[in-house]
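Each chain is listed here by its residues.
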Amino acid sequence: MNETVTTSAWARFLETFFRPDLIEQYSGAIAKGVIVTCQVAGLVVVTGIAVGLALAMIRAYRIKPVNFLIIVYVDVLRSLPPLVLIVLTYFGLPALGSTLSGFVVLWLVLSMVLAAFAEEIFWAGILSVRKGQWDAARSTGFSFTQALAWVVVPQAIRLTVAPLTNRTIAITKNTALGMVIGVPEILNEASTAQSFSGSATPLMMGAIAYILLFIPIVVAGRWIETRFAWRRS
Amino acid sequence: MSESRADTDANPILEARGLGKSFGATKVLHEINFRVFPRELVFIVGPSGSGKSTMLRCFNRLEEPSCGAVFVDGVNLMGKGVNINQMRQRIGMVFQQFNLYPHLSAEGNITLALRKVQGKSKSAARAAAQRCLELVGLADRANARPNELSGGQQQRVAIARALALEPKVMLFDEPTSALDPELVGSVLQVMRNLRDEGMTMVVVSHEIRFAREAADRVVFVCDGAILEEGTPEEIFSTPKHPRTREFVAEIAR
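Residues numbered from 1 in each chain as written. Chains lettered and ligands numbered in written order. Predicted model: local features only at pLDDT ≥ 70, side-chain atom pairs only at ≥ 80, totals over all residues.

Enquirer: Looking at this structure, how should I read the overall build of chain B?
Expert: Along the backbone of chain B there are 9 helices and 10 strands. Its C-alpha radius of gyration of 18 Å places chain B within 12% of the 18 Å reference for a compact globule of 253 residues. Projected onto the principal axes, the alpha-carbon positions of chain B cover approximately 55 × 45 × 40 Å. Looking at chain B residue by residue over its 253 residues, the buried ones come to 48%. Within chain B, contacts between residues separated by at least 24 positions form 66% of all contacts whose residues are at least 6 apart in sequence. (Helix = DSSP H or I, 4+ residues; strand = E, 2+ residues; numbered from the N terminus. Rg over C-alpha atoms; globule rule 2.2 N^0.38 Å. Buried ≥ 20, exposed ≤ 12 C-beta atoms within 10 Å, placed from the backbone. Contact = placed C-beta atoms within 7 Å.)

Enquirer: Which parts of the structure should I look at to understand the pairing of strand β6 (residues 91-94) of chain B?
Expert: As a general feature of sheets, a regular strand has side chains that alternate between the two faces. All names here are of chain B. Covered by surrounding structure in β6 are Ile 91 and Met 93 together with Gly 92 and Val 94, the residues of both alternating faces. Bridge count for β6 against strand β7 (residues 169-173) is 4 bridges, and the pairing is parallel. Bridge pairing links Val 94 to Phe 172 in β7. (Pairing = 2+ DSSP bridges.)

Enquirer: For this particular structure, what's the right way to read the interface of chain B and chain A?
Expert: Think of interface size as the accessible area that goes away when the parts come together; that is how it is often given. Contacts between chain B and chain A engage 24 residues on the former and 20 residues on the latter. At the level of elements, α2 (84-88), α3 (106-116) and α5 (151-163) of chain B are the ones that each hand at least two residues to the side of chain B that touches chain A. Tallied by class, residues from the side of chain B that touches chain A come to 11 nonpolar, 9 polar and 4 charged. (Nonpolar A, V, L, I, M, F, W, Y, C, P; charged D, E, K, R; others polar.)

Enquirer: Explanation requested: the sheet that holds strand β5 (residues 75-76) of chain B in the structure shown.
Expert: Backbone-to-backbone hydrogen bonds pair the strands of a sheet. The strands run either parallel or antiparallel. All names here are of chain B. In space, the 4 strands of this open sheet follow the order β2-β1-β4-β5, with antiparallel pairing throughout. Edge strands, defined here as strands with exactly one partner in the open sheet, are β2 (26-36) and β5. Across 2 bridges, the pairing between strand β4 (residues 67-72) and β5 is antiparallel. Each residue of the ladder has a partner; that of Phe 71, found in β5, is Asn 76.

Enquirer: What's the story with helix α7 (residues 144-172) of chain A in this structure? I'm lost.
Expert: Since one α-helical turn is 3.6 residues long, residues separated by three or four positions face the same way. Between its first and last C-alpha atoms α7 of chain A spans 34 Å; for 29 residues at 1.5 Å apiece the expected length is 42 Å, and the helix comes up short by more than 12%. Bending of α7 of chain A peaks at approximately 60° at the position of Val 161 of chain A, with proline Pro 163 of chain A no more than four residues after it. (Expected span 1.5 Å × (residues − 1). Bend = angle between axes of the 7 residues up to and from the residue.)

Enquirer: Where do I start with the environment of Lys 122 of chain B in this structure?
Expert: All names here are of chain B. Structurally, Lys 122 is set in helix α4 (residues 122-135). What makes Lys 122 exposed here is the crowd of 10 C-beta atoms within 10 Å. Placed 59 residues apart in sequence, Lys 122 and Pro 181 show a C-alpha to C-alpha distance of 37 Å.

Enquirer: Is there a simple way to explain the nonpolar core in this structure?
Expert: The nonpolar side chains of a soluble globular protein tend to be buried, and buried together. Ranked by internal contacts, the top residues of the largest apolar core, which has 128 residues, are Ile 44 and Val 202 of chain B. Here this core gets 16 residues from one element, more than from any other, and that element is helix α5 (residues 102-128) of chain A. Setting aside anything within four residues of it in sequence, one finds Ile 44 of chain B in contact with Lys 52, Met 55, Val 202, Val 203, Val 204, Val 219 and Val 221 of chain B. (Core = buried A, V, L, I, M, F, W, Y, C linked by C-beta atoms within 7 Å.)

Enquirer: Would you take a moment to explain unusual backbone geometry for this structure?
Expert: As a rule of thumb, non-glycine residues mostly have phi less than zero, and peptide bonds are mostly trans rather than cis. Residues and elements named next belong to chain B. In this model, Arg 39 sits at a positive phi of 70°, which is unusual for a non-glycine residue. Mapped onto the elements of the fold, Arg 39 is located in the loop between β2 and β3 (41-45). Judged by the 19 C-beta atoms lying within 10 Å of it, Arg 39 is partly exposed. Unusually for a residue other than glycine, Glu 166 sits at a positive phi of about 50°. Along the chain, the position of Glu 166 falls in the loop between α5 and β7.

Enquirer: Could you clarify how one ought to interpret the packing of helix α2 (residues 20-59) of chain A against helix α3 (residues 64-79) of chain A in this entry?
Expert: Relative placement of two packed helices is described by the angle separating their axes and the distance separating the axes. All names here are of chain A. Contact pair α2 / α3: the axes reach a minimum separation of 9 Å and the direction vectors enclose 145°. The handedness of the crossing between α2 and α3 comes out as left-handed. Touching Leu 55, Ile 58 and Arg 59 of α2 are Val 66, Asn 67 and Ile 70, all from α3. Residues of the contact of α2 with α3, tallied by class, amount to 4 nonpolar, 1 polar and 1 charged. (Axes fitted to C-alpha atoms, helices over the stretch in contact; angles between N-to-C directions. Left-handed = near helix turned anticlockwise from the far one by under 90°.)

Enquirer: Could you clarify how one ought to interpret the sheet that holds strand β8 (residues 200-204) of chain B in this entry?
Expert: All names here are of chain B. An order of β6-β7-β8-β3-β9-β10 is seen for the 6 strands of this open sheet, with the pairing classed as mixed. Each end of this open sheet is capped by a strand with a single partner; those strands are β6 and β10 (225-230). Each adjacent strand pair in this sheet contributes to an overall mean axis angle of 20°, direction not counted. Seen against the sheet, α5 touches β6 and β7 and runs at an angle of roughly 170° to β6.

Enquirer: How do you make sense of the pairing of β3 of chain B when you look at a structure like this?
Expert: Residues and elements named next belong to chain B. Counting buried residues along β3, 5 of its 5 residues qualify, which places the element largely inside the surrounding structure. Neither face of β3 is left uncovered, since the one carrying Leu 41, Phe 43 and Val 45 and the one carrying Val 42 and Ile 44 both have all their residues buried. The pairing of β3 with β8 spans 4 bridges and is classified as parallel. Bridge pairing in β8 links Phe 43 to Val 203. Pairing analysis gives 4 bridges linking β3 to strand β9 (residues 217-222), with the strands arranged parallel. Each residue of the ladder has a partner; that of Ile 44, found in β9, is Val 219.

Enquirer: Which parts of the structure should I look at to understand the confidence of the model for chain A?
Expert: Reading fine detail from the predicted coordinates is not recommended where pLDDT is low. Scored by pLDDT, chain A comes out at a mean of 92, with 96% of its residues at no less than 70. Mean pLDDT per element in chain A: helix α1 (residues 2-17) of chain A is the minimum at 82, and helix α6 (residues 131-139) of chain A is the maximum at 98. (pLDDT = per-residue confidence, 0-100.)

Enquirer: Help me out: how do you make sense of the environment of Ala 106 of chain B in this one?
Expert: Residue and element names in this part refer to chain B. Structurally, Ala 106 is set in helix α3. Here Ala 106 falls in the buried class, since 29 other C-beta atoms lie within 10 Å of it. Sequence separation between Ala 106 and Val 218 is 112 residues, and the spatial gap between their C-alpha atoms is 32 Å. Residues within four places of Ala 106 in sequence aside, it is in contact with Leu 133, Leu 138, Arg 141, Ala 142, Ala 144 and Val 157.

Enquirer: Just to check I follow, could you spell out the packing of helix α4 (residues 82-92) of chain A against α5 of chain A for this structure?
Expert: All names here are of chain A. One way to put it is that α4 packs onto α5 with a least axis distance of 10 Å and a crossing angle of 140°. Classified by the angle between their axes, α4 and α5 sit oblique to one another. The handedness of the crossing between α4 and α5 comes out as right-handed. Side by side, α4 and α5 meet where Pro 82, Leu 85, Ile 86, Thr 89 and Tyr 90 of the first sit next to Gly 102, Val 105, Leu 106, Val 109, Leu 110 and Val 113 of the second. Split by residue class, the contact of α4 with α5 holds 9 nonpolar, 2 polar and no charged. (Parallel < 35°, antiparallel > 145°, perpendicular 65-115°, else oblique.)

See below:
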């Protein structure tokens, strides 16, 4: 008796989440979603981290009005839910005469959000480099900018790999929000397939696709962390 | 005590005129006048907090002087239009905490400024680094990271880093204060060699025995002013100023 219940529950589970025919039918669509997600994610990581690093470096010059603007930007973007920004930009901009595609809006908004977080992380890294490092660099003839670029930032980056990797993954996963503005990324494809098939199998496929996509990034982050690990002398 | 080889007839390599420094209302350096001649080794001694390090850091404007002028090789560092980054290459500086770049090898520490500031080619910079590491007895540790080196070795790499820019004068800010006693000797030996090769040096340090042996002149600084100067013998054996006497008695204990 117990055994039949177990068996049928297991069968129901498989029937719900792993229907072989649906897996076959929708793997193409999910694969397309994976490609779009990868494209957005890649662009967001590159743009977000580059802008974040640039902002942190600009902040190092301690020009008061400039730093005020950076802090306002960072705090606003860190406090707004990314979904709000995405919807606001996508549905609000056309009224101003701009027609950005969902793909571009998703890329820009997530990059801006990642840049805000990355700026804070890089800035903390720059501050944690000891003053003696600046002294040594300046005493050998480096200008402020050169000391920042060649001595301080390389150390700041190594100090920030762990928090930066975490934050990058967290923001990049938000590519799933592209669904609400019609970007054909993984969740969108999976959700569409779910509506047509009435089965949760495509959603499970989407979930697995996310895992396959992000596990390597998590592992890579760990690897970079150990590789850059060095004791401060 | 060795014979002074200082070339006191020549123009000074380093000269401070009316050099002062204040932090807010606190004057840490009263308008001092100070000269260092070619090949001279000048020791700066004094109680802690007397302004020795501030004085040294004003000599290359790592600390911005509040008033006065610093001439290095005849150029006023405080002058308008002076390229301080260019001038600093003529003033080597060695720090108490070594301040090696922890993410770079010994060689990388030395070549960085050669490459990025002086624009030397990779091979020229590496050759210079190798020469300087040989001078400090660490030719075989070129690829070691700072955390793989002892404190004494780190300080010698830091000296090599400063030497590589071929400075006219070297400033040492308590170079052995952060070292375990058994590692001090190797650093002092490097400084002794530098002196013998004719390097002009200004040393802030508590290594009185080394001062007696190697210094051409000792300057006693107290409360941000130069109270007395003379040969090591004069300062350490027959000090004139009561504060100098007090200080010498204190360190002799």
